[in-house]
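For reference, the chains in residue letters:
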Amino acid sequence: MSHELKNKPLGSLDEWEDDILSRYPEDERENFRDYENTQRESVKEFYRLNHENQTLDYARTQREKFAKLDKREMGIWEACEYLNNLVDDSDPDTDLSQIEHLLQTSEAIRADGHPRWMVLTGLLHDLGKTLCLWDEPQWGVVGDTFPLGCKFSDKIVFPEFFAKNPDNDNPELKTEYGIYSAHCGLDNVTMSWGHDEYMYLVVKDYMPEEALNIIRFHSCYPIHREGAYYHLMNEHDHKMFEWVKKFNPYDLYSKADNPPNVKELKPYYMELIDEFFPKTIKW
Ligand SMILES: [Fe+2]
Ligand SMILES: [Fe+2]
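For the structure given in this document, a descriptive report is provided here. (Residues numbered from 1 in each chain as written. Chains lettered and ligands numbered in written order. Predicted model: local features only at pLDDT ≥ 70, side-chain atom pairs only at ≥ 80, totals over all residues.)

When its secondary structure is counted, the chain shows 12 helices and 4 strands. For the C-alpha atoms alone, the extent of the chain along its principal axes is close to 55 × 40 × 40 Å. Relative to its 283 residues, the chain shows a buried fraction of 39%. In the chain, 78% of the contacts between residues at least 6 apart in sequence involve partners at least 24 apart. (Helix = DSSP H or I, 4+ residues; strand = E, 2+ residues; numbered from the N terminus. Buried ≥ 20, exposed ≤ 12 C-beta atoms within 10 Å, placed from the backbone. Contact = placed C-beta atoms within 7 Å.)

In structure tokens form, the structure reads like this:
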């Protein structure tokens, strides 16, 4: 396989999100579809790479590298515009731009009267995808996330692909608790590396705890949709996940026919950003 294909099996990052949407349709009655058989090959290949390469070692190394926040310095709105440079092979007629997805999510949250920090969380939640602009492989940017350092749950999509993950051969890492203890709390758990964990590192000094949990775990479908890994979570995690669950439908189901008007919305969001952030922050 060429280097290019190895790092980019997906034509666009949206292919993964579209796949989640078919796995968790808004209308449950659509669930009769045979999920694994209707799946695109590119998406399957993406999950294969993700599950084989996300090791405890990889996630720790990436976290350490990006926690330095020495990539660049920019404001939140600037980052939204910067992320829009992420042009891939998606269909421009049907796919939303990155900034449109962010605004659609935040606008749906605003329309339902949720707190201002949550509206802002809608705007921020995917900004960690800038990792893709710095040549990180797709499998290290998107995909469902999961804890590392203990047994991979069967509730993760395509669990069979973990057979070739090196951690799966390490007796210390393949038990139910692995390197952790019962209900140790997700604060102490290393998650698979991607845009969620990275964005959490970028904003952790600025947003309230509920927002940080949404940002850090919004792709953790094994926990917030499948109820896996409760043996690692403490009471506080469960409280925090109420917000992650509240947020998820806005992320998945807010795609409206009319894309939001970026120019018109900008003043409202500039003011909201100013409430929580300095002019620029480190990335
Ligand atoms: Fe995301
Ligand atoms: Fe999203």
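Along helix α7 (residues 116–124), 7 of the 9 residues are buried, which leaves the element largely enclosed by surrounding structure. Every buried residue of α7 is listed here: M118, V119, L120, T121, G122, L123 and L124.

The next thing to look at is the nonpolar core. A general tendency of soluble globular proteins is for nonpolar side chains to be buried together. The biggest cluster of nonpolar side chains holds 57 residues, and the ones touching the most others in it are W16, F46, C80, L124, M199, I214 and I215. Excluding anything up to four places from it in sequence, C80 contacts I99, L102 and L127. Core analysis: the next-biggest nonpolar cluster, separate from the first, contains 5 residues, A59, L148, M191 and W193 among them. (Core = buried A, V, L, I, M, F, W, Y, C linked by C-beta atoms within 7 Å.)

Within the element layout of this structure, K6 appears in helix α1 (residues 3–7). The spacing of K6 and G143 is 137 residues in sequence and 15 Å in space, taken between C-alpha atoms.

Quick look at the packing of helix α9 (residues 209–217) against helix α11 (residues 235–253) now. At a minimum axis separation of 9 Å, α9 and α11 run at an interaxial angle of 60 degrees. In terms of their interaxial angle, α9 and α11 are classed as oblique. The handedness of the crossing between α9 and α11 comes out as right-handed. Seen from α9, the contacting residues are E210, N213, I214 and F217; seen from α11, they are M240, W243, V244 and F247. Tallied by class, the residues present in the contact of α9 with α11 amount to 6 nonpolar, 1 polar and 1 charged. (Axes fitted to C-alpha atoms, helices over the stretch in contact; angles between N-to-C directions. Parallel < 35°, antiparallel > 145°, perpendicular 65-115°, else oblique. Left-handed = near helix turned anticlockwise from the far one by under 90°. Nonpolar A, V, L, I, M, F, W, Y, C, P; charged D, E, K, R; others polar.)

The N-to-C vectors of helix α6 (residues 98–111) and α7 enclose an angle of 165 degrees; their axes lie 7 Å apart at closest approach. The angle between α6 and α7 places the two elements in the roughly antiparallel class. Crossing of α6 over α7 shows right-handed handedness. Packed against α6, whose contacting residues are L102, L103, T105, S106, I109 and R110, the element α7 presents M118, V119, G122 and L123 at the interface. Of the residues belonging to the contact of α6 with α7, the class tally is 6 nonpolar, 3 polar and 1 charged.

This next bit is on the environment of D14. Turning to its location among the elements, D14 is positioned in helix α2 (residues 14–23). Overall, the presence of 19 C-beta atoms within 10 Å leaves D14 in the partly exposed class. With 128 residues separating them along the chain, D14 and V142 place their C-alpha atoms 9.5 Å apart.

The subject of this paragraph is unusual backbone geometry. Although it is not a glycine, L69 sits at a positive phi angle of roughly 50 degrees. Relative to the helices and strands, L69 resides in the loop between α4 (56–67) and β1 (73–74).

This paragraph deals with α4. Look at α4: 16 Å from first C-alpha to last across 12 residues, which is about the 16 Å you get at 1.5 Å a residue. Residues of α4 that are buried: L56, A59 and F66. Along the long axis of α4, the arc covered by the buried residues comes to 115 degrees, so they all point the same way. Of the exposed residues in α4, those oriented more than 90 degrees away from the buried face are T61, E64 and K65. Close packing links the buried residues of α4 with β2 (147–148), β3 (190–191) and α8 (195–203). Where α4 ends, the next residue or the one after it, L69, has phi of about 50 degrees, a positive value. (Expected span 1.5 Å × (residues − 1). Arc of directions from axis to C-beta.)

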